[in-house]
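Summary of the model geometry
One-letter residues, chain by chain:
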Amino acid sequence: MRGSRRISAYLLLISIVLLVSSWLFEIYGEEQRYFNAHPVMLALSKAITGLEKGLAGDDSAAVLSHAKTLKKIAGEGLLSIKPQKNEDMLQLFNEYGTKINSLSSEMVNLVKKKNLAKVSQLVEEVRRTCISCHMKFRTGNDEKGLFPLLGNVITGKVKILKLDGEKRTDRSNVVVFLDRVNNDAGVSLPRKNPVVSQKNRTFGPRVVPIVKGTTVDFPNDDIIFHNVFSLSKTQIFDLDIYSPGKSKSVTFPRSGWVKIYCNIHPKMVGHIIALDNPFFSLTDQKGIFVISGVPDGEYTLRTWHEFGNEVRKRIQVSGSSRYNYLLEIQEDKKFVQHKNKFGKRFKSKY
Ligand code: HEC
């Protein structure tokens with residue numbers, strides 16, 4: 001009787017020692033990884049980790065508290081860093097800080113409505129924002145993204161060569177996407193409808209990649225009338241003439257390229273690129289793309305560009321790793337003036 005009690009006391013003691021040491025190891029191990037990191041970055045990283053743990057455990061209270069922390073750090077911390085090197089950097093810190101701040105505000109609202117699935121989408125978007133900033137600032141240490149990766153992350157840059165072989169300085173508006181991830185099953189729609197605005201006789205943004213099934217809003221934010229339409233095989237539609245301040249919407253159930261025009265203004269051109277899964281990215285001015293949360297597997301990485309050829313690259317990803325590619329796009333098409341919705345030439349020039 002006595003003997004067995006002593007044994008259980010020993011066992012208890014041993015398990016307490018093990019528990020405490022693993023806990024200490026976890027804390028110091030983590031500090032060690034982030035040794036020397038900027039305190040704001042550390043705090044951001046901890047908030048993201050906390051959010052992920054909260055989401056994995058379906059713990060709304062934890063998710064809410066980390067979302068609030070993230071919002072606070074992005075607002076006060078990230079926006080308070082004033083890089084000295086140049087104006088561009090300062091502007092980027094402001095831009096990214098504001099973006100993460102507004103994404104986390106949205107998160108807070110969604111947790112309150114108990115919509116944790118959409119919160120996951122937002123966390124993924126914040127992660128992509130972190131990574132794309134790191135790609136701009138931390139030259140040479142691309143692989144050092146010392147915050148947890150869920151799934152694989154595919155990043156890189158595109159280079160665009162014009163018809164005459166010159167390099168394009170603006171490398172934006174390239175869609176980089178993956179073929180058949182998870183056989184394109186279980187696709188989730190975006191938490192908000194993407195918006196293509198009509199303003200100053202321009203569609204903005206000019207290129208909008210979406211996952212098929214998404215509804216896109218087309219508000220008329222101009223002071224004149226417009227008539228959005230498409231004669232593309234993927235989706236033929238005509239929203240007819242509508243006045244400033246009004247908005248109409250279109251759902252795109254099939255994947256493919258949809259060219260959008262205005263029946264009044266021949267120079268207005270936009271592109272909806274409907275894809276089979278949400279693993280895509282639109283490049284920024286520097287040509288940077290970030291696709292995150294990619295499950296292990298073998299895929300084709302593909303590009304779409306208004307005037308360029310399609311680049312295809314077979315890739316294999318596994319083990320929640322980071323992969324970086326440089327893709328070179330060669331322009332091989334010129335702008336050709338399209339016809340109006342009746343297949344006739346436009347009467348006006350503007
Ligand atoms: C505006 C640009 C920018 C954004 C946005 C940004 N970071 Fe950073 N981050 C940096 C820079 C610059 C460094 C390097 C700082 C240094 O070397 O002192 C850094 C370093 C880090 C580090 C230190 C370890 C390492 O990898 O070098 C971590 C961790 C980190 N960031 C996490 C995050 C997380 C998580 C987010 C998003 C919630 C984020 N960062 C968003 C610019 C950014």
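Residues numbered from 1 in each chain as written. Predicted model: local features only at pLDDT ≥ 70, side-chain atom pairs only at ≥ 80, totals over all residues. Heavy atoms only, no water.

Comments concerning the sheet that holds strand β1 (residues 152-161)
In a beta sheet, neighbouring strands are held together by backbone hydrogen bonds and run either parallel or antiparallel to one another. Our working definition: Pairs of strands are assigned from DSSP output, requiring at least two bridges between the strands. Counting from the N terminus, the helices are the DSSP runs of H or I reaching at least four residues and the strands are the DSSP runs of E reaching at least two. Note on definitions: angles span 0 to 180 degrees between N-to-C directions of axes, and those axes are lines fitted to C-alpha atoms, for helices only across the stretch in contact. What makes two residues a contact is simply this: any of their non-hydrogen atoms within 4.5 Å.
A sheet is described by the order of its strands in space; here three strands give the open sequence β13-β1-β16, paired in mixed fashion. Each edge of the sheet is formed by a strand with only one pairing partner; in this case those strands are β13 (288-294) and β16 (322-330). Between one strand axis and the next, the sheet turns through 20° on average, direction left out of account. Strand direction decides the pairing type here: β1 and β13, joined by five bridges, are antiparallel. Residue pairing for β13: I154 is matched across the bridge by I291. The strands touched by helix α5 (residues 116-137) are β1, β13 and β16; relative to β13, the strand with the most contacts, the crossing angle is about 140°.

Comments concerning the pattern of salt bridges
Our working rule: Salt bridge, as used here, is a side-chain nitrogen of Lys or Arg placed within 4 Å of a carboxyl oxygen of Asp or Glu. The buried label applies to any residue whose accessible area, calculated with a 1.4 Å probe on protein chains only, is under 20% of its type's maximum; exposed applies above 50%, and partly exposed to all values in between.
Across all of its chains, the model carries 16 salt bridges by this definition. Two residues, R168 and E331, come together in a salt bridge whose shortest N-O distance is 2.5 Å. Of this pair, R168 sits in the loop between β1 and β2 (175-178) while E331 sits in the segment after β16, and the two are 163 residues apart along the sequence. Taking relative accessible area as the criterion, R168 reaches 30% and is therefore assigned partly exposed.

Focus: the sheet that holds strand β7 (residues 228-232)
With mixed pairing, the five strands of this open sheet are ordered in space as β5-β11-β10-β7-β8. Strands with a single pairing partner mark the edges of an open sheet, and in this sheet they are β5 (207-211) and β8 (235-238). Neighbour-to-neighbour, the strand axes of the sheet open up by a mean angle of 30°, direction not taken into account. As paired elements, β7 and β8 share four bridges and run antiparallel to each other. Residue pairing for β8: S232 is matched across the bridge by Q235.

Comments concerning a nonpolar patch on the surface
The condition is simple: Within the patch definition used here, like charges are joined within 9 Å and nonpolar side chains (Val, Leu, Ile, Met, Phe, Trp, Tyr) within 5 Å, considering only residues with over 30% relative accessible area and no salt bridge. Only the protein chains shown count as cover for residues, with accessible areas throughout obtained via the Shrake-Rupley method and a probe of 1.4 Å.
Together, Y10, I14 and L18 make up a nonpolar patch on the protein surface, roughly 340 Å² of accessible area in all. Counting through the fold element by element, L18 comes out in helix α1 (residues 2-33). You can call L18 exposed: its relative accessible area is 55%.

A word on the side chain of H338
Under the convention used in this document: Here a polar contact is recorded for every N or O atom pair within 3.5 Å, except that within protein the pair must consist of a potential hydrogen donor and a potential acceptor, and residues adjacent in sequence are included only if both atoms are side-chain atoms.
Relative to the elements of secondary structure, H338 occurs in the segment after β16. On the basis of relative accessible area, H338 is assigned to the buried category, the value being 10%. One polar contact links the side chain of H338 to the main-chain carbonyl oxygen of P266, over a distance of 3.3 Å. H338 has contacts with Y261, P266, M268, V269 and F346, leaving out every residue within four places of it along the chain.

As for the coordination of the iron atom of the ligand
Definition in use: Donor atoms (N, O, S) are those found within 2.8 Å of the metal centre, with the cutoff raised to 3.2 Å for Na, K and Ca; water is not part of the atom list, so apparent gaps in a site can occur. All geometry calls rest on donor angles, where a four-donor set with angles between 85 and 135 degrees is tetrahedral, four- and six-donor sets with opposite donors more than 155 degrees apart and all others between 65 and 115 are square planar and octahedral, and all else is irregular.
Here the iron atom of the ligand is held by M41 (SD) and H134 (NE2), and the distances to it run 2.0 to 2.2 Å. Taken together, the six donor atoms coordinating the iron atom of the ligand and their angles of 89 to 178° define a geometry best described as octahedral. Linking M41 in helix α2 (residues 39-56) with H134 in helix α5, this pair joins segments that are 93 residues apart in sequence. Taking the relative accessible area as the measure of exposure, M41 reaches 28% and is therefore partly exposed.

Observations concerning helix α3 (residues 60-80)
Quick reminder of the rule: Between the first and last residue of a helix there are one fewer steps than residues, each counted as 1.5 Å, and that sum is the expected span. Bend angle per residue: angle between axes fitted to the 7 residues ending at that residue and the 7 residues starting there.
Its 21 residues place the ends of α3 29 Å apart at the C-alpha level, agreeing with the 30 Å of an ideal helix rising 1.5 Å per residue. The sharpest bend along α3 measures roughly 30° and falls at A74. Along α3, the residues that are buried comprise V63, A67, L70, I73, A74, G77 and L78. Where α3 is buried, its residues contact α2, α4 (87-112) and α5.

Brief notes about the nonpolar core
Burial of nonpolar side chains together is a common tendency in soluble globular proteins. Spelled out, the test is: The term nonpolar core refers to a set of buried residues drawn from Ala, Val, Leu, Ile, Met, Phe, Trp, Tyr and Cys, joined through side-chain atoms within 4.5 Å.
L51, V63, L70, L78, M107, V119 and V126 are the most contacted members of the largest nonpolar core, which totals 26 residues. Of all the secondary structure elements, the ones that give two or more residues to this core are α2, α3, α4 and α5. With seven residues, α4 is the single largest residue contributor to this core. Apart from the residues within four sequence positions on either side, V63 is in contact with L51, G54, L55, V111, L116 and V119. Counting 20 residues, the second-largest nonpolar core is a separate cluster that includes I160, F289, Y323 and Y325.

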